[in-house]
Amino acid sequence: SQQGEEDPQALSIQEGENATMNCSYKTSINNLQWYRQNSGRGLVHLILIRSNEREKHSGRLRVTLDTSKKSSSLLITASRAADTASYFCLLQGGSEKLVFGKGTKLTVNP
Amino acid sequence: DAGITQSPRHKVTETGTPVTLRCHQTENHRYMYWYRQDPGHGLRLIHYSYGVKDTDKGEVSDGYSVSRSKTEDFLLTLESATSSQTSVYFCAISDGRGPDTQYFGPGTRLTVL
């Protein structure tokens, strides 16, 4: 069955540094999305990448997708304290409609 | 923010009692979803709806039922709550056109004693 595995589980960096988190999956997908969740809040959509795309950018966010390795990465450049949150990948496609990864908890220290 | 509200926002109940959570949207989106979020598990899909009276099961549907009699409302019912259903429940919506970007509600924290 489809599973989304994110690593690292937790990441602590200083303001201004870049943060990279990864999502790996088992079966083929149609697209992959990244979401952010601030503590105690609902998830907010960040970016979507389709299976035929390799890279997308949105502001300080860069997402890559390698379907041969079944993995995606989210890069946040020049991080800010406000980026402190948990980040989740969402896998879509195949026999299981929607599967979230377990998340990466990012702490950006001022 | 997308117009999604959940009620109640917090609830404490006892094992064996029925519980209904409500999700209300003002976006006229076709799809609505219920997830639960637990430490170490991320979000898991319970049930979803693709139209009025059209629903389907997700990954963790046992012990839950849903109903959607109007486009704007999606109800999640725990017929007989158990302690394992203590969780934070999130409702989400999407318009279903192309990739399903989801918009989430604020969540309901349910504690079953």
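In case you missed it, the structure is sitting above this.
Residues numbered from 1 in each chain as written. Chains lettered and ligands numbered in written order. Predicted model: local features only at pLDDT ≥ 70, side-chain atom pairs only at ≥ 80, totals over all residues. Heavy atoms only, no water.

Teacher, can you tell me more about the interface of chain A and chain B here?
In many analyses, interface size is given as the accessible surface area lost on bringing the parts together. Facing the 19 residues of chain A at the interface are 18 residues of chain B. In total, about 1500 Å² of surface goes out of reach between chain A and chain B, with carbon and sulfur atoms giving 59% of it. When residues of chain A are sorted by the area they lose upon contact with chain B, K97, L98 and F100 of chain A head the list and together hold 34% of the total. At the boundary of chain A and chain B, one finds two residue pairs in polar contact (both at pLDDT 80 or more). (Contact = heavy atoms within 4.5 Å. Buried area = accessible area lost by both parts, 1.4 Å probe. Polar contact = N/O pair within 3.5 Å; in protein donor to acceptor, adjacent residues only side chain to side chain.)

So what exactly am I meant to see when it comes to the state of the cysteines here?
One covalent bond between the sulfur atoms of two cysteine residues makes up a disulfide. In the structure shown here, the tally under the stated rule is two disulfides over all chains. With a sulfur-sulfur separation of 2.1 Å, C23 of chain A is cross-linked through a disulfide to C89 of chain A. Measuring the twist about the S-S bond at about 60°, one finds the C23 of chain A-C89 of chain A disulfide to be right-handed. Pair noted here: C23 of chain A is in strand β3 (residues 19-25) and C89 of chain A is in strand β9 (residues 85-92), with a separation of 66 residues, a long-range link. Take C23 of chain A and C89 of chain A: they sit in the same class, and that class is buried. Disulfide partner of C23 of chain B: C91 of chain B, at an S-S distance of 1.9 Å. Sign of the S-S torsion, about -70° for the bond between C23 of chain B and C91 of chain B, identifies this disulfide as left-handed. Of this pair, C23 of chain B sits in strand β3 (residues 19-25) while C91 of chain B sits in strand β9 (residues 87-94), and the two are 68 residues apart along the sequence. Residue classification places C23 of chain B among the buried residues on the basis of a relative accessible area of 0%. (Disulfide = S-S within 2.5 Å. Helix = DSSP H or I, 4+ residues; strand = E, 2+ residues; numbered from the N terminus. Buried < 20%, exposed > 50% of the residue type's maximum accessible area, 1.4 Å probe, protein only.)

Got a minute to help me understand the pattern of salt bridges in this structure?
Residue and element names in this part refer to chain B. Within this structure, the stated rule accounts for seven salt bridges over all chains. Between R44 and D38 there is a salt bridge; the shortest N-O distance is 2.9 Å. Comparing R44 with D38 shows no difference in burial state: the two are buried. Measuring nitrogen to oxygen at the nearest pair gives 3.3 Å for the salt bridge that ties K70 to D73. K70 sits in the partly exposed class, given a relative accessible area of 41%. Through salt bridges that share partners, R22, K70 and D73 make up one connected network. (Salt bridge = Lys/Arg side-chain N within 4 Å of Asp/Glu carboxyl O.)

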